[in-house]
Amino acid sequence: MTSPLRQLTALLLGVGSLLAAAPVRALEEIQLTLPLLETAFTVQMRELRDQRTLLSGNSDLAELDRATNGAIGRRLVEAFQTPLPLPLKALAEQSVGSPLVNQVLLLISSVVLVEGVRQPLDSSQLAASLESSQAKGSLNLLEVLEALPGKSATVDLQRVVFAIDRLTSQQRLGNQLVASLPAAGISPALSQAGPLAVKRQEVAIPVTHRPKPLQVVTIQPETGSNGRLVLISHGLWDDPESFEGWGRHLASHGYTVLLPRHPGSDKSQQQAMLSGQVPPPKPEDLRLRPMDMTSAIDAAAAGSLGLPSGLRTDAVVAMGQSYGATTVLQLAGARPSAALLKRFCDDVTNPARNVSWVLQCSFLSSADQAGLADPRVKAVVAVSPPMSLLFDQGSARAMGGRVLLVSGSRDWVVPSGPEALRPMAMEARNVGGGHRLVLAKDGDHFNLRSHFENGGGALRGLLLAWTDGAFAAGAAAAPGPDAPPLLPPDGWGATEFPLVDITGSLRSLPLGPNQP
């Protein structure tokens, strides 16, 4: 049986197997299935452009619409014509086969069965169609279907509406918060590159938990190091290169930055897996990734990485994105557990269910053995961490590192509602350890990263402010009900994506029933 993680891979990250094939024609018709009915209605794609024409006359669908007093017609309009809450401009700017473009294919594949077309669906046609849709600023399901290859597709109207409603609701509260609360201002002292020239190198260190040496990218000041160490963990099927801009910005202000490459869950592993050479990432990677980070700190302490003299390794800051954010939470003392995984992984209709649950639920067999805190990690930045099922409620009580959690208001992979707002609201009510939550307005799962040449991206000022505050606080950086703030009240904002600190609203946020 194909594993859920491999299925997700085919949907999210599949390269176009149709690119080398002969040209295929676009969809011509839809087999529409409706709630509580066993009959499928054949609908021509051209008819979906004009709902009045579709529902006029004596067709079975028109008769059914009249019998339901127009309810079927309204649902058709809602399902096919309502703009999808996707970051269209960012989608149009992505290259073919990118994870962001394939988010659309993930949504479509969950509700549409395209007959006679191999998986994974090809994103090249979809990417091309975005050019016309971008002009009007929105994208609906009908436009996406028209971009797909094949002759016929089966659409379950009930599933379409349910999927769109659930995904939209998971973003709703975050969007309301960033619209109602003020964004942080911008201080040049935080947002601009520092005065120090930086250098980049790659080194390999032997580790006992891996069969091969661990590859580590180092970014450091050429001169003028402040003697402080920061580590960055990349996400699933990603690489250190996607976060070297973060490291460059920090290094220009004096910090030494290490970015380990996590084998088994990096970009090369993804490519090998899609070609059938290796299996998907294993549950054991949940343990191995924190061990990579700890080994990098050990190597820095041993003086084997060619880092600035006098570098302190007794207190470090760690940051990461997506799976890497989960890794740094583990280092800060959050203990994974299988309890919520056992309870919710099979609940397919749960309102909190989202794409990241596929990854989290793959850790069912390893979660209880993945508590790997490193006491040297005093503070972390976790950007878009999958965490609602992986960490037990109340697990923050045992954490030794302070957390700044960042979530994009338009993240569909790790949506802010179930994966950031609710867990952090629970933490604020139960513990109140001085952790912070910042929302990036219009941020998604991929546009908060930064390559070396981008110099830190939208989060550069925020990352520097938190890092400065953590080291300046010393022992007071430890979490606790009376812990002093590590983030200054202002100055760490960004022009690219307004950043909003919603920590003060956490205790009053609605939690909702029957959710993890």
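A quick note: this is a predicted structure, and the numbers were derived from the prediction, not measured.

With that settled, consider the nonpolar core. Membership of the largest hydrophobic core comes to 65 residues, with the highest contact counts inside it found for L258, L305, L329, V380, L437 and I502. Leave out the neighbours within four places in its chain, and I502 touches L177, L181, L421, L437 and L439. V230, V257, A458 and W466 belong to the second-largest nonpolar core, a separate cluster that totals 39 residues.

Taken N-terminus to C-terminus, the directions of helix α11 (residues 244–252) and helix α18 (residues 460–473) make an angle of 50 degrees; their axes are 10 Å apart at the nearest point. In this view, α11 runs oblique relative to α18, as classed from their interaxial angle. Seen from above, α11 lies across α18 with right-handed handedness. Between α11 and α18, the contacting residues are W246, H249 and L250 on the first element and R460, G461, L463, L464 and T467 on the second. Its residues assigned to classes, the contact of α11 with α18 shows four nonpolar, three polar and one charged.

Right, let's talk about helix α17 (residues 416–430) for a bit. Compared with the 21 Å implied by 1.5 Å per residue over 15 residues, the 20 Å span of α17 between its first and last C-alpha is a close match. Where burial is concerned, most of α17 is hidden: 12 out of the 15 residues are buried. Listing the buried residues of α17 in full gives S416, G417, P418, E419, A420, L421, R422, M424, A425, M426, E427 and A428. In the stretch just after α17, G432 is the one whose phi turns positive, near 65 degrees.

Where charged atoms of side chains with opposite charge meet at close range, the side chains can pair. Summed over all chains, the structure comprises 13 salt bridges. Ionic pairing is found between R436 and D501, a salt bridge with its closest N-O pair at 2.4 Å. Here R436 is found in strand β12 (residues 436–440), whereas its partner D501 is found in strand β13 (residues 499–501), with 65 residues between them in sequence. On the basis of relative accessible area, R436 is assigned to the buried category, the value being 15%. Residue D501 is classed as partly exposed on the basis of its relative accessible area, which comes to 22%. R460 is the salt-bridge partner of E496, the closest N and O atoms lying 3.0 Å from each other. Remark: R460 occurs in helix α18 and E496 occurs in the loop between α18 and β13; sequence separation between them is 36 residues.

A separate point is the sheet that holds strand β8 (residues 256–260). Pairing in this open sheet of nine strands is mixed, and the strands run β5-β6-β8-β7-β9-β10-β11-β12-β13 from one edge to the other. Of all the strands in the sheet, the pair left with one neighbour each is β5 (198–205) and β13. In this sheet, neighbouring strand axes are inclined to one another by 20 degrees on average, regardless of whether the strands run parallel or antiparallel. With eight bridges connecting them, β5 and strand β6 (residues 214–221) associate as antiparallel partners. Paired with Q201 across the strands is T218, a residue of β6. Against the sheet, α11 engages β5, β6, β7 (229–233), β8, β9 (316–321) and β10 (377–383), with an angle of about 35 degrees to β6.

This part takes up the state of the cysteines. Tallied over the entire structure, the rule returns one disulfide. Each sulfur in the disulfide pair C345 and C361 lies 2.0 Å from the other. Taking the torsion about the sulfur-sulfur bond, which here is approximately -100 degrees, the covalent link between C345 and C361 counts as left-handed. One end of the pair, C345, is in the loop between α15 (339–344) and α16 (356–361); the other, C361, is in helix α16, with 16 residues separating them in the sequence. For C345, a relative accessible area of 12% puts it in the buried group.

Turning to the packing of aromatic side chains, a few remarks are in order. Within this structure, the stated rule accounts for three aromatic pairs. When the centroid spacing of 5.7 Å and the interplanar angle of 25 degrees are considered together, the rings of Y255 and F471 count as stacked. With Y255 in the loop between α11 and β8 and F471 in helix α18, this pair connects stretches of sequence that are 216 residues apart. Like F471, Y255 is buried. The residue whose ring lies beneath R289 is Y323, and the NZ or CZ to ring-centre distance is 4.1 Å.

Now for the confidence of the model for the chain. With 74% of its residues at a pLDDT of 70 or more, the chain shows a mean pLDDT of 82. In the predicted structure, residues 92–103 sits below a pLDDT of 50 and forms 29 contacts with residues beyond four places in sequence or in another chain.

On to the side chain of T313, then. For T313, the location among the structural elements is in the loop between α13 (285–301) and β9. Taking relative accessible area as the criterion, T313 reaches 13% and is therefore assigned buried. If near-sequence neighbours (up to four positions away) are discounted, T313 is found in contact with L229, I297, A300, A301 and R376.

How two helices sit against one another is set out by the angle between their axes and by the gap between those axes. In the contact formed by α13 and helix α14 (residues 323–331), the axes pass within 9 Å of each other and the chain directions differ by 70 degrees. Put simply, α13 runs roughly perpendicular to α14. For the pair α13 and α14, the sense of crossing is right-handed. Counting all contacts with α13, which are made through D285, L286, R289, P290, M293 and T294, the residues of α14 involved are Y323, G324, T326, T327, V328, Q330 and L331.

Next up on the list: helix α4 (residues 71–81). Residues I72, G73, L76, A79 and F80 constitute the buried set of α4. All buried residues of α4 lie within an arc of 130 degrees about the axis, which places them on one face of the element.

Glancing now at the pairing of strand β1 (residues 29–33). With four of five residues buried, β1 lies mostly within the body of the structure. Here five bridges tie β1 to strand β4 (residues 152–156), and the two strands are oriented parallel to one another. What sits directly across from E29, in β4, is S152.

Cut-off values and rules
Residues numbered from 1 in each chain as written. Predicted model: local features only at pLDDT ≥ 70, side-chain atom pairs only at ≥ 80, totals over all residues. Heavy atoms only, no water. Core = buried A, V, L, I, M, F, W, Y, C linked by side-chain atoms within 4.5 Å. Buried < 20%, exposed > 50% of the residue type's maximum accessible area, 1.4 Å probe, protein only. Contact = heavy atoms within 4.5 Å. Axes fitted to C-alpha atoms, helices over the stretch in contact; angles between N-to-C directions. Helix = DSSP H or I, 4+ residues; strand = E, 2+ residues; numbered from the N terminus. Parallel < 35°, antiparallel > 145°, perpendicular 65-115°, else oblique. Left-handed = near helix turned anticlockwise from the far one by under 90°. Nonpolar A, V, L, I, M, F, W, Y, C, P; charged D, E, K, R; others polar. Expected span 1.5 Å × (residues − 1). Salt bridge = Lys/Arg side-chain N within 4 Å of Asp/Glu carboxyl O. Pairing = 2+ DSSP bridges. Disulfide = S-S within 2.5 Å. Phe/Tyr/Trp six-rings, centres within 6.5 Å; stacked < 30°, edge-to-face > 60°. Lys NZ or Arg CZ within 6 Å of the ring centre and 35° of its normal. pLDDT = per-residue confidence, 0-100. Arc of directions from axis to C-beta.

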